[in-house]
Amino acid sequence: VQLVESGGGLVQPGGSLRLSCVASGFTFSSYVMSWYRQAPGKERELVATIHSTDGRTHYADSVEGRFTISRDNAKSTVYLQMISLKPEDTAMYYCKAWIAPGNYYWGQGTQVTVSS
């Protein structure tokens, strides 16, 4: 099982990034996919979720209207499009695949830094 994130980097405030998470080793289309982030000294927080069956999405209040989560089941990939980035969005971003309590996987993370 692997989840490999990419797309992070350094961006100026107001800029955009698109994160990708490619999955392998499990039935991607059956799993709820989420993006989390963790800033230094802070707890990991849920950013966005997309369901497996109907594609419903949920967002943290802090990113609502700026971030968009999407998935391509044919490519076993989940995306996080981020616009209007703020310095407080700086964090390590992780994707998570979940199907049932105790049955989930994490990626290794990709760093996003928003700074001028």
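Everything in this summary refers to the structure shown in the same document. Remember, predicted model here, so these are calculated numbers, not experimental data. (Residues numbered from 1 in each chain as written. Predicted model: local features only at pLDDT ≥ 70, side-chain atom pairs only at ≥ 80, totals over all residues. Heavy atoms only, no water.)

1. Observations concerning the side chain of R37
Thinking step 1. Here R37 shows up in strand β4 (residues 32-38).
Thinking step 2. Within the structure, the side chain of R37 is placed 2.9 Å from the side chain of D89, a separation counted as a polar contact.
Thinking step 3. Contacts of R37, omitting those with residues within four sequence positions, involve E43, R44, E45, V47, S62, V63, F67, E88, D89, A91, M92 and Y93. (Helix = DSSP H or I, 4+ residues; strand = E, 2+ residues; numbered from the N terminus. Polar contact = N/O pair within 3.5 Å; in protein donor to acceptor, adjacent residues only side chain to side chain. Contact = heavy atoms within 4.5 Å.)

2. Examining the state of the cysteines
Thinking step 1. In this structure the tally under the stated criterion is one disulfide.
Thinking step 2. There is a disulfide in this structure between C21 and C95, and the S-S distance comes to 1.9 Å. Of this pair, C21 sits in strand β3 (residues 17-24) while C95 sits in strand β9 (residues 91-100), and the two are 74 residues apart along the sequence.
Thinking step 3. A residue is classified by how much of its surface remains accessible, and C21, at 0% relative accessible area, is buried.
Thinking step 4. With a relative accessible area of 0%, C95 lands in the buried category. (Disulfide = S-S within 2.5 Å. Buried < 20%, exposed > 50% of the residue type's maximum accessible area, 1.4 Å probe, protein only.)

3. Topic: the environment of G14
Thinking step 1. Looking at where G14 falls in the secondary structure, it is placed in the loop between β2 (9-11) and β3.
Thinking step 2. Each C-alpha atom of the pair G14 and P87 lies 9.2 Å from the other, and the pair is 73 residues apart in sequence.
Thinking step 3. In this structure G14 touches S84 and L85, once residues within four positions along its chain are discounted.

Note that all results are geometric; they support no functional claim without further evidence.
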